[in-house]
Amino acid sequence: MASFLNGLLGNFSEVSVDELSRQYGIYLMPNEKVTTGFKLIRDTFVVTDERIILIDHQGVTGKKTRIASIDLDSIYEVTMETAGTGFDDSELTIHYITSPYFKANNVSTASYKFEFGKKFNLQPFYVAILTLATENRKRINS
């Protein structure tokens, strides 16, 4: 019941790698491996060794699905906001480059915000993405 309420409130909850691989393996590139993933009531995001796959089930039945990807190599900044008192959620916002060429003169960027329930320990996921973002900045700016 608690996970259902979290889903209604827009909070992601963790899903097993096996279940994610079974359900969303058709969207993986050759040799790509699922490392972790999270699910709302219908929407899911899957983290692989290459990218974050955003799965958005649309419409009343959820049969229409939008799939988007954020390459892990394009993430350059991440912020975390922990839950406060009351109905506050924990939030993780990633900032990433959308341009095909990271060192171009006119680099395009975007951000994506994930909301997690206040009981979810977001810190390990934040540190993993932050480490990746730091390495990416050094690589891009070298």
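Residues numbered from 1 in each chain as written. Predicted model: local features only at pLDDT ≥ 70, side-chain atom pairs only at ≥ 80, totals over all residues. Heavy atoms only, no water.

Per an unreviewed UniProt entry, the recorded name for the protein is PH domain-containing protein, and the organism is Paenibacillus planticolens.

### A closer look at the side chain of Ser90
When you line up the elements, Ser90 lands in strand β7 (residues 90-97). If we skip the residues at most four places from it in the chain, Ser90 touches Glu81, Thr82, Ala83, Phe114, Glu115, Phe116, Gly117, Lys118 and Leu122. (Helix = DSSP H or I, 4+ residues; strand = E, 2+ residues; numbered from the N terminus. Contact = heavy atoms within 4.5 Å.)

### Section: the pairing of strand β3 (residues 44-48)
Counting buried positions over the five residues of β3 gives five, a clear majority of the element. Burial along β3 is two-sided: Thr44, Val46 and Thr48 facing one way and Phe45 and Val47 facing the other are all buried. Sheet topology places strand β2 (residues 34-39) next to β3; five bridges connect them, and they run antiparallel. Residue pairing in the sheet places Lys39 in a bridge with Thr44 of β3. Connecting the antiparallel pair β3 and strand β4 (residues 51-58) is a turn made up of two residues. (Buried < 20%, exposed > 50% of the residue type's maximum accessible area, 1.4 Å probe, protein only. Pairing = 2+ DSSP bridges.)

### A word on the nonpolar core
Within the largest apolar cluster, 21 residues are counted, with the highest numbers of intra-cluster contacts made by Phe45, Ile52, Ile75, Leu92, Ile94 and Phe125. Per element, the largest residue contribution to this core is five residues, and it comes from helix α3 (residues 123-141). Excluding residues within four positions of it along the chain, Ile94 makes contact with Ile52, Ile70, Ile75, Glu77, Val78, Ala110, Ser111, Tyr112, Phe114 and Ile129. In terms of nonpolar packing, the next biggest core, distinct from the first, is built from seven residues, Val15, Tyr24, Val34 and Ile53 among them. (Core = buried A, V, L, I, M, F, W, Y, C linked by side-chain atoms within 4.5 Å.)

### Focus on a nonpolar patch on the surface
Taken together, Ile26, Tyr27 and Ile67 make up a surface patch of nonpolar side chains, about 290 Å² in accessible area. On the secondary structure map, Ile26 appears in the loop between α2 (17-24) and β2. Judged by relative accessible area, Ile26 falls into the exposed class, the value being 71%. (Patch = residues over 30% accessible without salt bridge, like charges linked within 9 Å, V, L, I, M, F, W, Y side chains within 5 Å. Areas by Shrake-Rupley, 256 points an atom, 1.4 Å probe, with all protein chains shown as cover. Salt bridge = Lys/Arg side-chain N within 4 Å of Asp/Glu carboxyl O.)

### Section: the pattern of salt bridges
Taken as a whole, this structure holds two salt bridges when the rule is applied. When the shortest N-O distance is used, the salt bridge between Lys113 and Glu91 registers 3.8 Å. Taken together, the residues span a long stretch of sequence, with Lys113 in strand β8 (residues 109-116) and Glu91 in strand β7 at a distance of 22 residues.

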